[in-house]
Amino acid sequence: QKEVEQNSGPLSVPEGAIASLNCTYSDRGSQSFFWYRQYSGKSPELIMFIYSNGDKEDGRFTAQLNKASQYVSLLIRDSQPSDSATYLCAPHRNYQLIWGAGTKLIIKP
Amino acid sequence: DVKVTQSSRYLVKRTGEKVFLECVQDMDHENMFWYRQDPGLGLRLIYFSYDVKMKEKGDIPEGYSVSREKKERFSLILESASTNQTSMYLCASSPTGRGYEQYFGPGTRLTVT
């Protein structure tokens with residue numbers, strides 16, 4: 001079992017809809033969680049992080065965390081074609097990021 | 001803006017060659033990382049460094065070594081390149097105390113034939 005599990009996709013979402021990206025992790029010692037976005041042919045970039053159970057909103061992005069269920073999600077509202085990318089989930093543990101393999105998101109105009 | 005640069009965008013080497021990949025950051029970051037990224041496997045940490053001349057093994061250090069003689073420069077060395085080291089290599093840096101806030105270079109696509 002991988003430490004961080006993400007559905008590889010591709011996840012296809014119509015423009016303007018809500019995209020929901022999910023991530024589960026196995027290490028209960030992880031306390032903070034990060035979402036990176038990686039456009040095709042580019043490097044990852046940090047877009048969101050969450051430390052506490054519940055929701056955290058930043059513009060069109062909402063990160064959700066449920067530590068009891070070891071589940072993290074990223075919601076993207078009003079999806080745009082420019083949101084098409086691979087989204088990497090990364091719990092933080094012992095000064096390192098533990099990377100998921102990513103979910104490829106495609107926003108269809 | 002943080003800038004992380006890598007010495008080559010594309011590199012083709014032969015089996016058995018010694019390969020040097022260089023990474024330079026201009027933001028005075030203490031932490032630097034080398035990853036490889038393969039389809040379906042995500043980012044895998046090869047080595048990282050928290051200070052000059054300091055290095056720590058990551059998850060897949062076998063076949064690799066690193067050097068950090070100056071704060072801004074972190075080099076990855078493939079002692080004897082093999083075909084299974086064909087991959088995208090990504091360097092990253094992060095500020096002190098914020099190892100999660102990683103800034104990546106553009107990557108080096110290495111092909112070993």
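In this text, all values refer to a predicted model and were calculated from it rather than measured experimentally.

Time to look at the sheet that holds strand β8 (residues 73-78) of chain B. All names here are of chain B. Judged by pairing direction, the sheet is antiparallel, and its 4 strands sit side by side in the order β1-β3-β8-β7 without closing on themselves. One side of each edge strand has no neighbouring strand; the edge strands of this open sheet are β1 (4-6) and β7 (64-70). If you compare each strand with its neighbour and ignore which way they point, the axes differ by 20 degrees on average. Sheet topology note: the β1/strand β3 (residues 19-25) ladder contains 3 bridges and is antiparallel. Each bridged residue has a counterpart across the sheet, and for V4 the counterpart in β3 is Q25.

In total, this model carries 14 aromatic pairs over all chains according to the counting rule given. A ring pair is formed by Y35 of chain B and F104 of chain B, whose centres lie 5.8 Å apart and whose planes are at 35 degrees; its orientation type is tilted. Residue Y35 of chain B is located in strand β4 (residues 31-38), and its partner F104 of chain B is located in strand β10 (residues 103-104); the two are separated by 69 residues in the primary sequence. Looking at F104 of chain B, the relative accessible area reads 12%, which means it is buried. Pairwise contacts between aromatic rings join Y36 and W99 of chain A together with F33, Y35, F48, Y50 and F104 of chain B into one cluster. When the ring centre of F49 of chain A is taken as reference, the NZ or CZ atom of K56 of chain A above it lies at 3.4 Å.

With that settled, consider the confidence of the model for chain A. For chain A, the average pLDDT comes to 94, and 100% of its residues sit at 70 or higher. Within chain A, the lowest mean pLDDT, 88, falls on strand β10 (residues 96-97) of chain A, and the highest, 98, falls on strand β2 (residues 11-14) of chain A.

Right, let's talk about empty space enclosed by the protein for a bit. Residue and element names in this part refer to chain A. One pass over the full model with this rule turns up 1 cavity of 30 Å³ or more. Size it by volume and the largest cavity reaches roughly 30 Å³. Residue lining of the largest cavity: E3, V4, Y25, S26, D27, S30, P91, R93 and I98, and that is the complete set. Among the residues making up the lining of the largest cavity, the classes are represented as 4 nonpolar, 2 polar and 3 charged.

All names here are of chain B. The two faces of strand β11 (residues 108-112) differ: T108, L110 and V112 on one face are buried, but R109 and T111 on the other face are not. Two elements, strand β2 (residues 10-13) and β11, share 4 bridges in a ladder whose sense is parallel. Of the residues in β11, the one forming a bridge with L11 is L110.

Let's shift gears to the pattern of salt bridges. Scanning the entire structure with this criterion turns up 13 salt bridges over all chains. Between R93 of chain A and D27 of chain A there is a salt bridge, and its shortest N-O distance comes to 2.9 Å. Taken as a pair, R93 of chain A in strand β9 (residues 85-93) and D27 of chain A in the loop between β3 (19-25) and β4 (32-38) lie far apart in primary sequence, 66 residues in all. Note that K71 of chain B and E30 of chain B form a salt bridge whose closest N and O atoms lie 3.1 Å from each other. Of the two residues, K71 of chain B sits in the loop between β7 and β8 while E30 of chain B sits in the loop between β3 and β4, which places them 41 residues apart along the sequence. A single network of salt bridges, built from pairs that share partners, joins E3, D27 and R93 of chain A.

Taken together, the contact pairs 18 residues of chain A with 19 residues of chain B. Buried surface at the junction of chain A and chain B, both sides included, amounts to about 1,300 Å², of which 53% is carbon and sulfur. Looking only at chain A, the three residues that lose the most surface to chain B are S43, Q96 and W99 of chain A, adding up to 33% of its buried area. On the surface where chain A and chain B come into contact, there are 0 salt bridges. Elements represented by at least two residues in the side of chain A that touches chain B include exactly β4, β9 and β10 of chain A. With 3 residues, β4 of chain A is the largest single contributor of residues to the side of chain A that touches chain B. Of the residues that constitute the side of chain A that touches chain B, the class distribution is 10 nonpolar, 7 polar and 1 charged.

What counts as what
Residues numbered from 1 in each chain as written. Chains lettered and ligands numbered in written order. Predicted model: local features only at pLDDT ≥ 70, side-chain atom pairs only at ≥ 80, totals over all residues. Heavy atoms only, no water. Pairing = 2+ DSSP bridges. Helix = DSSP H or I, 4+ residues; strand = E, 2+ residues; numbered from the N terminus. Axes fitted to C-alpha atoms, helices over the stretch in contact; angles between N-to-C directions. Phe/Tyr/Trp six-rings, centres within 6.5 Å; stacked < 30°, edge-to-face > 60°. Buried < 20%, exposed > 50% of the residue type's maximum accessible area, 1.4 Å probe, protein only. Lys NZ or Arg CZ within 6 Å of the ring centre and 35° of its normal. pLDDT = per-residue confidence, 0-100. 1 Å grid on protein atoms, 1.4 Å probe; cavity = no way out; pocket = protein on both sides within 12 Å on 5 of 7 lines; lining within 4 Å. Points joined across faces, edges and corners; volume = space filled by probe spheres on them. Nonpolar A, V, L, I, M, F, W, Y, C, P; charged D, E, K, R; others polar. Salt bridge = Lys/Arg side-chain N within 4 Å of Asp/Glu carboxyl O. Contact = heavy atoms within 4.5 Å. Buried area = accessible area lost by both parts, 1.4 Å probe.

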